[in-house]
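# Coordinate inspection notes
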Amino acid sequence: MGRYRIQVATGAWIFSGSFNRVQLWLVGERGEAELELQLRPARGQVEEFEQDVPQDLGPLQFVKLRKHHSLVDDAWFCDRITVQGPGALEEAAFPCYRWVQGEGLLTLPEGTARLAGNNTLDVFQKHREKELEERQQIYCWATWKEGLPMTIAAGSIDDLPSNMRFHEQKRLDYGWTVIAGLIEMALKYVYTLLSPWKRLEDFDQIFWGQKTTLAEKVHQRWQDDELFGYQFLNGTNPMLLRRSTSLPSRLVLPSGMEELQAQLEKELQKGSLFEADFILLDGIPANVIQGEQQYLAAPLVMLKMEPSGKLLPMVIQIQPPSPSCPTPPLFLPSDPPLAWLLAKSWVRSSDFHVHELQYHLLHTHLLAEVIAVATMRCLPGLHPVFKLLIPHTRYTMDINTRARNQLISDGGLFDKGWSTGGGGHVQVMRRAMAQLTYHSLCPPDDLADRGLLGIPSALYAHDALRLWEIIARYVEGIVHLFYHGDDVVRGDPELQAWCREITEGGLCQAQDRGFPVSFQSRAQLCHFLTMCIFTCSAQHAAVNTGQFDWYAWVPNAPSSMRMPPPTTKEDVTMDTVMGSLPNVWQTSLQMFATSLISQPPPDMVPLGHHQEEYFSGPEPKAVLRQFQADLGKLEKEIVARNEQLDLPYEYLKPSLIESSVAI
């Protein structure tokens, strides 16, 4: 006879506990024992009890549990179960972190990470095969739009697996945030009904409510060329700027602009000429909102880097050359102030759409969903890569399903207020998908390709590289614990299936754009896993967190333009500018939407600080502690640097990076 001490931990979320009775069994190498007691788990509690078992079970392998119900199936969220056996020096941990529903038998394996084996009689091998078979029936792929990444097969959040949905408190918090935002938006709209909307100062009428310090600075300085250039380096879209290696072929300089050409060539030779080209938007049909035609453009802006680190615009071409206009007008800082301001507004509006559709929605949200679905379909809970990645998939399927139903759906926010709505947004994402490369998702490669390494004023680039290095060390520490050589990587069938599932399945045959279809070495695996974690956490923070900072003052980043681009400079008046910028309704909608999708949620989990213990044993936990220490060191460096800056760059401060795409 031996005495076992059992601890059962229940989640802290609303409704995590259950009134139903829970029955437990212990399964060891030498036998199985049904425990006499039956639990009624309470929310947020760890219930501990001891049980005498007559036979010697040997080393524990599984805990089985069944939840009984008579009238109501009251779901229970089980965090984990730990068992201290007779004579055992350490507890055996059985991670769960999922909802227990119905009356089926749930089997939890002991939490030590294991690779797949070849022994079909191995009880753990049988368990992982059964688990994947069940998961592949639950987590199915679907096509939302042809030419875009695959998604989870769920028409609404009610169709999602319960373990992928917001917890109840998160759902309530999100719902109240939406309601509060809608009320504020309605009040702003009503407040301006009888007020004029003829001057830029009239935007102040609705620039109230919750604001950030940076949003107020943008409000004050948005017309400055210095702030215009700064946003390409450190704004909410630092992904488009690149160093020029030649003058773009689309930049047709008419006669009389020889001085500008000489200036551009001089900066080019010095290596201080940069460009941002929005050709992705060329020919995209613009939306019609409330019966009013909207407009899009595909600008090109050339900028120069001063020795001080300031990035200043030199020339803007709003539209590329076309048969009907082989020499489009070029706008310069020396032009009439309103003409130059309107040209910059066209650039900022275009940046809004490219940012939201290419670099935010596609490069982070949709890619993170592919990673999440493939992980659930191909990697069992015992796999070390599953344990490594699962904290970085939290809530991703839920928030993306909401986006497909509320944001980019027919009649969603894009259709209601933004010039790429009405179908143009899907075309933009299809073009962006065709350009999506593996390199573009890895900062060391992407920043090198864009010529942005070693620029002191490029704060996103600096912080992204530091985070990449820290995540890479963390990934390497975990991978090397379980893969002792390249041959082990090549021989892992579950890992190889996961790789193919992402590249050939979720990303629709993306191998021709550099994505791997197999892993041949530990280094290759580590690089790919670093990309996955960076994309789901740091990169999403970089392009998401600052949206309200930079977009709340709508003239700085108009979500729609209501007049065609100017073809002359002298005819631009204040009426032209105000007639081009969003109206009151569109402005209120943009402020609401950017506030909603960039607010940190109350249950935000910072990178590296998830509470779930998926790994058992001291070695993986030591690797995680070192990861947390490295992130803490970077945090201090960024805080110290930001104290010296007029515009602190905080989007990649580790404590502000959510560990998954959850908003």
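Residues numbered from 1 in each chain as written. Predicted model: local features only at pLDDT ≥ 70, side-chain atom pairs only at ≥ 80, totals over all residues. Heavy atoms only, no water.

### Section: the overall build of the chain
From N to C terminus, the chain includes 19 helices and 17 strands. Over its C-alpha atoms, taken along the principal directions, the chain stretches across nearly 95 × 55 × 45 Å. Here the chain, with 663 residues, has 59% of them falling under the buried criterion. Nonlocal contacts in the chain, meaning residues at least 24 apart in sequence, comprise 74% of its contacts between residues at least 6 apart. Here the chain displays about 26,700 Å² of accessible surface, and carbon together with sulfur accounts for 53% of that area. Charge-centre separation for the chain: the mean point of 58 positive side chains lies 1 Å from the mean point of 78 negative side chains. (Helix = DSSP H or I, 4+ residues; strand = E, 2+ residues; numbered from the N terminus. Buried < 20%, exposed > 50% of the residue type's maximum accessible area, 1.4 Å probe, protein only. Contact = heavy atoms within 4.5 Å. Areas by Shrake-Rupley, 256 points an atom, 1.4 Å probe, with all protein chains shown as cover. Lys, Arg positive; Asp, Glu negative; His and termini not counted. Charge placed at Lys NZ, Arg CZ, Asp CG, Glu CD.)

### Observations regarding the side chain of Thr-393
Considering the arrangement of structural elements, one finds Thr-393 in the loop between helix H7 (384-389) and helix H8 (396-406). On the basis of relative accessibility, which here comes to 5%, the residue Thr-393 falls in the buried class. Setting aside residues no more than four positions away along its own chain, Thr-393 makes contact with Ala-372 and Ser-660.

### Section: helix H4 (residues 225-234)
Burial of H4 is extensive: eight of the 10 residues sit out of reach of the surface. Every buried residue of H4 is accounted for by Leu-227, Phe-228, Gly-229, Tyr-230, Gln-231, Phe-232, Leu-233 and Asn-234.

### A closer look at the pattern of salt bridges
Between side chains of opposite charge, pairing is possible as soon as their charged atoms come close. Under the counting rule described, the total for this entry stands at 38 salt bridges. Notably, a salt bridge pairs Glu-292 with Arg-562, separated by 3.5 Å at the nearest N-O pair. Here the residue Glu-292 occupies a position in strand S14 (residues 292-293), and Arg-562 occupies one in the loop between helix H16 (547-551) and helix H17 (574-580), the gap between them amounting to 270 residues. Take Arg-562: its relative accessible area is 15%, and that puts it in the buried class. Salt bridges linked by common partners bring Lys-170, Arg-394, Asp-603 and Glu-658 together as one network. (Salt bridge = Lys/Arg side-chain N within 4 Å of Asp/Glu carboxyl O.)

### Notes on the sheet that holds strand S1 (residues 2-10)
Working definition: the strands of a sheet are paired by backbone hydrogen bonds and lie parallel or antiparallel to each other. Judged by pairing direction, the sheet is antiparallel, and its four strands sit side by side in the order S4-S1-S6-S7 without closing on themselves. In the strand order of this sheet, the two ends are held by strand S4 (46-53) and strand S7 (92-100), each with one partner. Recorded for the sheet is a direction-independent mean angle of 20° between the axes of neighbouring strands. Inspection of the sheet shows S1 paired to strand S6 (residues 76-84) by six bridges, in the antiparallel sense. Along S6, the bridge assignment pairs Thr-10 with Cys-78. (Pairing = 2+ DSSP bridges. Axes fitted to C-alpha atoms, helices over the stretch in contact; angles between N-to-C directions.)

### Structural notes on the nonpolar core
With 170 residues, the main nonpolar core has Phe-232 and Trp-498 as its most contacted residues. In terms of residue count, the dominant contributor to this core is helix H6 (residues 337-378) (23 residues). With sequence-adjacent residues up to four places away left out, Trp-498 is seen in contact with Ile-371, Ala-374, Thr-375, Cys-378, Leu-379, Leu-389, Phe-519, Phe-528, Leu-529 and Cys-532. Ranked by size, the runner-up nonpolar core spans 25 residues in total, among them Leu-39, Leu-57, Ile-81 and Val-83. (Core = buried A, V, L, I, M, F, W, Y, C linked by side-chain atoms within 4.5 Å.)

### Quick notes on the UniProt feature "site: Essential for stabilizing binding to COTL1" (unreviewed entry) in the chain
Here, UniProt's "site: Essential for stabilizing binding to COTL1" (unreviewed entry) annotation points to Trp-99. Look past the residues within four positions of Trp-99 in its chain and what remains in contact with it is Phe-15, Ser-16, Ala-75, Trp-76, Phe-77, Ser-162, Asn-163 and His-167. (UniProt positions renumbered as here; feature names shortened; annotations may be inferred.)

### Section: the UniProt feature "binding site: Fe cation" (unreviewed entry) in the chain
Mapped onto the present numbering, the UniProt feature "binding site: Fe cation" (unreviewed entry) falls on His-360, His-365, His-540 and Ile-663. Taken together, the annotated residues stretch across 304 residues yet fold into one region, lying no more than 11.4 Å apart by C-alpha. Checked against the element boundaries, His-360 lands in helix H6. What makes His-360 buried here is its relative accessible area of 5%. Apart from residues no more than four positions distant in its own chain, His-360 is found in contact with His-355, His-365, His-540, Val-543, Asn-544 and Gln-547. Its location among the elements puts Ile-663 in the segment after helix H19 (618-642). With residues up to four places along the chain from it excluded, the contact list for Ile-663 reads Tyr-174, His-365, Ile-399, His-540, Asn-544, Leu-596, Ile-597, Gln-599 and Glu-658.

### Examining the side chain of Ser-457
Here Ser-457 shows up in the loop between helix H11 (443-449) and helix H12 (459-482). The class of Ser-457 is buried, set by a relative accessible area of 19%. Leave out the neighbours within four places in its chain, and Ser-457 touches Leu-233, Asn-234, Met-305 and Gly-309.

### Here's the deal with unusual backbone geometry
The phi torsion of most residues other than glycine is negative, and most of the peptide bonds are trans. With phi around 50°, Tyr-97 is a residue other than glycine that occupies positive phi space. Tracing the sequence through the fold places Tyr-97 in strand S7. Classification of Tyr-97 by relative accessible area gives buried; the value is 12%. Not every positive phi belongs to a glycine, and Cys-508 is a case in point at roughly 60°. Looking at where Cys-508 falls in the secondary structure, it is placed in the loop between helix H14 (493-506) and helix H15 (522-544).

### Thoughts on the packing of H6 against H14
Running from N to C, H6 and H14 cross one another at 140°; their axes reach a closest spacing of 9 Å. Taken together, the axes of H6 and H14 lie oblique to each other. Relative to H14, H6 is oriented so that their crossing is right-handed. Across from Val-370, Ile-371, Ala-374, Thr-375, Arg-377 and Cys-378 in H6, the residues of H14 making contact are Glu-494, Ala-497, Trp-498, Glu-501, Ile-502 and Gly-506. (Parallel < 35°, antiparallel > 145°, perpendicular 65-115°, else oblique. Left-handed = near helix turned anticlockwise from the far one by under 90°.)

### As for the packing of aromatic side chains
In this description, an aromatic ring pair is defined by two values, namely the gap between the centres and the angle between the planes. Here the structure, examined in full by the defined rule, presents 22 aromatic pairs. Each ring, one from Tyr-474 and one from Phe-627, has its centre 4.1 Å from the other, and the planes form 5°; the classification is stacked. Here Tyr-474 is found in helix H12, whereas its partner Phe-627 is found in helix H19, with 153 residues between them in sequence. In this structure Tyr-474 comes out as buried when scored by relative accessible area, which is 5%. Of the aromatic side chains, those joined through ring pairs into one cluster are Tyr-438, Trp-498, Phe-515, Phe-519 and Phe-528. Of note, Lys-145 hangs over the ring of Trp-144, and the distance from its end group to the ring centre comes to 5.4 Å. (Phe/Tyr/Trp six-rings, centres within 6.5 Å; stacked < 30°, edge-to-face > 60°. Lys NZ or Arg CZ within 6 Å of the ring centre and 35° of its normal.)

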